Amino acid sequence: MRSTSSIADALSRRVLLRQAGAAGLATLAMPAWAETMVSLPLPGGPDDRPITTAFPQKGAMVLQRARPPMLETPFEVFDQGVFTPNDRFFVRWHWSVIPTNVDVDSFRLAVHGHVDKPLSLSLKELMALPHIEYAAVDECSGNSRGFFQPRVPGGEWGNGGMGNARWTGVRLKDVLDRAGVKPGAVQVRFSGLDNAPVADGPKFIKSLAVDHARDGEVMIAFAMNGQQLPLLNGFPLRLVVPGWYATYWMKMLNDIEVLDSLDTNFWMKTAYLIPDTPHADMKPGQTGVNLVPINRLNPRSFITNVKAGATLLAGKPAAVRGIAFGGDTGVKQVDFSADGGNSWHAARLGKDEGKYGFRRWESRFTPKTKGNAVLMVRCTNSNGDVQPAAANWNPSGFMRNVIESTPVTVA
Ligand SMILES: Nc1nc2c(c(=O)[nH]1)N[C@H]1C(S)=C(S)[C@@H](COP(=O)(O)O)O[C@H]1N2
Ligand SMILES: [Mo]
């Protein structure tokens, strides 16, 4: 991993993305509607989608949408390690007017609103604050939306709308303390350098409760996995809200406003609402559901080395492995079933890289009977929250965390 001072050296240079002339970013500034307006199918199913290498600082990615970019991590990447490489880390933007370069010398982070002393911080000033670092899962609220039944509109992600990185940055609390939050502050609102291509498109802005913003964990990150952030993942600064859905993880963060009342902007009051029920679950058509802003991550787990439809040999020991995460707390236990959930066995857990990150798990079993079998994996987090056996559902396609099933053939 690079030292943070070498990251500082890299940041102190003007950053221009020369690859941007390629098919990817050159088109970003052209008008397009937000993804919430369209419904994209998964042609041929989640394993049969176009792969692109056209985006700067990105390797092979599943192309969900070019403009604004929505790139999914191909699932096999999650088998390669618990940290998702920056060049394979998923990308999601709401609006298409995204700067294709950021001048790190003139860049400023503004802190204003209900504070004693408004700030305009250069990257050097910001990076002079104490650094913190931890692993955390960045997961889109709509990750796995493509599997919802009945179907729901929105970006039709497979399971790769998530990633785990080791984030480095400064505490949001330290920045807020420097500005001096006034008594009576209610929320802290974040916005970035991206904009809507149409005049009536509401700018993407998100808020956290002031106590959450000052918890000492919420981070203004300048690096992921020891490198500066890829432009599409929010260069030069992004918010990291560990244990919470990625919608709050503002990219290209350049404005922090302390509010003395609740934020009623579109992205807090109308979009990103979930039923206030366990796992945000409700019935299609159900009425009288109380809606609240989406918040904490659910626990999830996946098999990463056996694909649906694989053939295993009867009488031959098989090794299965994968990743799990607890959500807003650590992984307590991962259980594996080789018989469609009739019997469960505790899997061995890999190294604990921190409670907000991915955790490796592995198990071994010997298939006995020839025929069809269903492999399953189930995560229980440190709060005792366990993945549901039946798929949770809501009309926005948020927070899917059903126990995953992998059908295989034993031959
Ligand atoms: N500035 C900005 N930040 C943003 C968004 C955005 O549209 N603009 N989208 C959010 C959403 S919904 C997600 S899922 C994550 C995606 O982060 P990533 O692209 O780094 O994976 O960014 C979040 N931060
Ligand atoms: Mo998202």
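Reading the values: rules and limits
Residues numbered from 1 in each chain as written. Chains lettered and ligands numbered in written order. Predicted model: local features only at pLDDT ≥ 70, side-chain atom pairs only at ≥ 80, totals over all residues. Heavy atoms only, no water. Pairing = 2+ DSSP bridges. Helix = DSSP H or I, 4+ residues; strand = E, 2+ residues; numbered from the N terminus. Axes fitted to C-alpha atoms, helices over the stretch in contact; angles between N-to-C directions. Contact = heavy atoms within 4.5 Å. Buried < 20%, exposed > 50% of the residue type's maximum accessible area, 1.4 Å probe, protein only. 1 Å grid on protein atoms, 1.4 Å probe; cavity = no way out; pocket = protein on both sides within 12 Å on 5 of 7 lines; lining within 4 Å. Points joined across faces, edges and corners; volume = space filled by probe spheres on them. Nonpolar A, V, L, I, M, F, W, Y, C, P; charged D, E, K, R; others polar. Phe/Tyr/Trp six-rings, centres within 6.5 Å; stacked < 30°, edge-to-face > 60°. Lys NZ or Arg CZ within 6 Å of the ring centre and 35° of its normal.

(A) View of the sheet that holds strand 7 (residues 109-113). Reading across the sheet, the 5 strands line up as 8-7-16-11-12 and stay open at both edges, with mixed pairing between neighbours. Two strands bound the open sheet, and with one partner strand each, they are strand 8 (119-121) and strand 12 (205-209). Across the sheet, the mean angle separating the axes of adjacent strands is 20° when strand polarity is ignored. Contacts from helix 3 (residues 172-179) reach strand 7, strand 8, strand 11 (187-192) and strand 16 (253-259), with the element oriented near 135° to strand 8.

(B) Seen up close, the environment of Ala-310. Looking at the element boundaries, Ala-310 is found in the loop between strand 19 (300-303) and strand 20 (311-312). What makes Ala-310 partly exposed here is its relative accessible area of 21%. Ignoring sequence-local partners within four residues, the contact set of Ala-310 consists of Pro-407, Val-408 and Thr-409.

(C) Inspection of empty space enclosed by the protein at higher detail. With the rule as written, the count across this model stands at 1 cavity of 30 Å³ or more. Space inside the largest cavity adds up to approximately 240 Å³. In terms of lining, the largest cavity is formed by 18 residues, of which the most central are Arg-92, Arg-238, Ala-246, Trp-249 and Lys-251. Tallied by class, residues from the lining of the largest cavity come to 9 nonpolar, 4 polar and 5 charged.

(D) Structural view of the pairing of strand 16. Taking burial as the measure, the 7 residues of strand 16 include 5 buried ones, the bulk of the element. In the sheet, strand 7 pairs with strand 16 via 4 bridges, with the strands oriented parallel. Across the sheet, His-112 pairs through a bridge with Glu-257, a residue of strand 16. Bridge count for strand 11 against strand 16 is 6 bridges, and the pairing is antiparallel. Directly across from Gln-187, in strand 16, lies its bridge partner Leu-259.

(E) Geometry of the packing of aromatic side chains. Applying the stated criterion across every chain, the model contains 16 aromatic pairs. Each ring, one from Phe-89 and one from Trp-167, has its centre 5.9 Å from the other, and the planes form 85°; the classification is edge-to-face. Of this pair, Phe-89 sits in the loop between strand 4 (70-72) and strand 5 (91-92) while Trp-167 sits in strand 10 (residues 162-171), placing them 78 residues apart in sequence. Per residue, the accessibility class of Phe-89 equals that of Trp-167, and both read buried. Taken together through their ring pairs, the aromatic side chains of Phe-75, Phe-78, Phe-302, Phe-325 and Phe-358 make up a single cluster. The ring of Tyr-248 has Lys-206 lying over it, and the distance from NZ or CZ to the ring centre is 4.8 Å. Directly above the ring of Trp-344 sits Arg-378, whose terminal nitrogen or CZ lies 4.2 Å from the centroid.

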